[in-house]
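One-letter residues, chain by chain:
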Amino acid sequence: MLIDDYKINYKETGEGQEVVLLLQGWGTDLTVYDSVAATISSKCRVIQLDFPGFGGSDEPREPWAVDDYADFVIKFLGQLNIKKVTLWGHSYGGRVIIKLANRENLPFEINRIVLVDSAGILPKKTFKQKFKIRKYKILKKFINMKLVYKICPDLVDEWRNKQGSADYRNSTPMMRACMVKAVNEDLTHLLPGIKQDTLLIWGDLDTATPIADARLMEEKIPNAGLAVIPGTGHFCFLEQPRIFAGIMASYFGVK
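Residues numbered from 1 in each chain as written. Predicted model: local features only at pLDDT ≥ 70, side-chain atom pairs only at ≥ 80, totals over all residues. Heavy atoms only, no water.

(A) Representation of the nonpolar core in the model. One finds Leu21, Phe51, Phe76 and Val96 to be the most contacted residues of the largest nonpolar core, which totals 48 residues. For this core, the leading source of residues is helix 2 (residues 66–79), giving eight residues. The next biggest cluster of nonpolar side chains, apart from the first, holds 24 residues, and it includes Leu22, Ala37, Phe237 and Phe252. (Core = buried A, V, L, I, M, F, W, Y, C linked by side-chain atoms within 4.5 Å. Buried < 20%, exposed > 50% of the residue type's maximum accessible area, 1.4 Å probe, protein only. Helix = DSSP H or I, 4+ residues; strand = E, 2+ residues; numbered from the N terminus.)

(B) Spotlight on the pattern of salt bridges. Taken as a whole and judged by the stated rule, the model has eight salt bridges. A salt bridge links Asp34 to Lys11, with the shortest nitrogen-to-oxygen separation between them at 2.9 Å. On the criterion of sequence distance, the pair formed by Asp34 in helix 1 (residues 34–40) and Lys11 in strand 3 (residues 10–13) is long-range, its members being 23 residues apart. Taking the relative accessible area as the measure of exposure, Lys11 reaches 31% and is therefore partly exposed. A salt bridge links Glu12 to Arg45; the nearest nitrogen and oxygen atoms lie 2.7 Å apart. A residue pair is termed long-range when its members are at least 10 positions apart, and Glu12 in strand 3 and Arg45 in strand 5 (residues 44–49) qualify at 33 residues. One salt-bridge network, held together by shared partners, links Asp67, Asp71, Lys99, Arg103 and Glu185. (Salt bridge = Lys/Arg side-chain N within 4 Å of Asp/Glu carboxyl O.)

(C) Geometry of the side chain of Asp117. With respect to the secondary-structure elements, Asp117 resides in the loop between strand 7 (109–116) and helix 4 (127–143). One buried charged residue, Asp117, remains without a salt bridge, the closest side chain of opposite sign being Arg215 at 11 Å. With residues up to four places along the chain from it excluded, the contact list for Asp117 reads His90, Ser91, Ile201, Trp202, Gly203, Asp206, Thr209, Gly233, His234, Phe235 and Cys236. (Lys, Arg positive; Asp, Glu negative; His and termini not counted. Contact = heavy atoms within 4.5 Å.)

(D) Main features of the sheet that holds strand 5. With mixed pairing, the seven strands of this open sheet are ordered in space as 3-5-4-6-7-8-9. Taken across any chain shown, the strands that pair with only one partner, and hence form the sheet edges, are strand 3 and strand 9 (224–229). This sheet shows a mean twist of 20° between the axes of neighbouring strands, independent of strand direction. Here strand 3 runs beside strand 5; their pairing, made up of four bridges, is antiparallel. From the neighbouring strand, Thr13 faces strand 5, where its bridge partner is Val46. (Pairing = 2+ DSSP bridges. Axes fitted to C-alpha atoms, helices over the stretch in contact; angles between N-to-C directions.)

(E) Structural view of the packing of helix 2 against helix 3 (residues 92–101). With their axes 9 Å apart at the nearest point, helix 2 and helix 3 run at an angle of 75° to one another. Compared by their axis directions, helix 2 and helix 3 come out roughly perpendicular. Along the contact surface, helix 2 presents Val66, Asp67, Tyr69, Ala70, Val73 and Ile74, while helix 3 presents Tyr92, Arg95, Val96, Lys99 and Leu100. Here the residues of the contact of helix 2 with helix 3 sort into eight nonpolar, no polar and three charged. (Parallel < 35°, antiparallel > 145°, perpendicular 65-115°, else oblique. Nonpolar A, V, L, I, M, F, W, Y, C, P; charged D, E, K, R; others polar.)

(F) How the structure looks around the confidence of the model for the protein. Summing up the model confidence of the protein, the mean pLDDT is 89 and the portion of residues at 70 or higher is 82%. Segment residues 129–133 is flagged for pLDDT under 50; beyond a separation of four residues in sequence, or across chains, it makes three contacts in the model. (pLDDT = per-residue confidence, 0-100.)

Below, the structure is given as structure tokens:
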């Protein structure tokens, strides 16, 4: 599919009346969610999508914020002529869903929402974290000096390669810029604006989006319920696929 001259990778399974769009986590490709699609494809039409810059889709030509990805989803669903959709989002995909659920005059209806280890809540920084950030900024300014790089380029490159999360280090410069825009935006104030029935599924050992985020989302989203999968982390659907499939089957009425 072409959207605004971007080649977009997607696939569909199932032929049910309910349309479910799976929105991925940062740095993944759509195949990561094959098992999720399989749990409901007997009853639903399931669409898996690679965001621009993810998997097999073209990279944005400029740094995109979460709102830009929300705009993209609107165009994507428009291309498929979908007027009613259930939105399922993992991690970064959850951010995009939170934005979409707060948009006015959407050209489609959001039926219901599933958020899995969703991002969107900006954690409060401790004094130690604030000190580390300040130290990093000072070192970055020093290391970016041409003279320093000329004297010890190998050490500078090694230091740069160790900075940031694994997702950040593994991203291209363009996608790093997109990621910075996302992680610095707190969406907590938008949670009460989600009026759809919302299922939250979380790993209690998640360190990327901790269980405290799930509790806050359950509190702030008017029609939310939380299912916790013990002993799992940020990819709870891969770590305990049977338990996850059971939760999905119950919510979607799959026999």
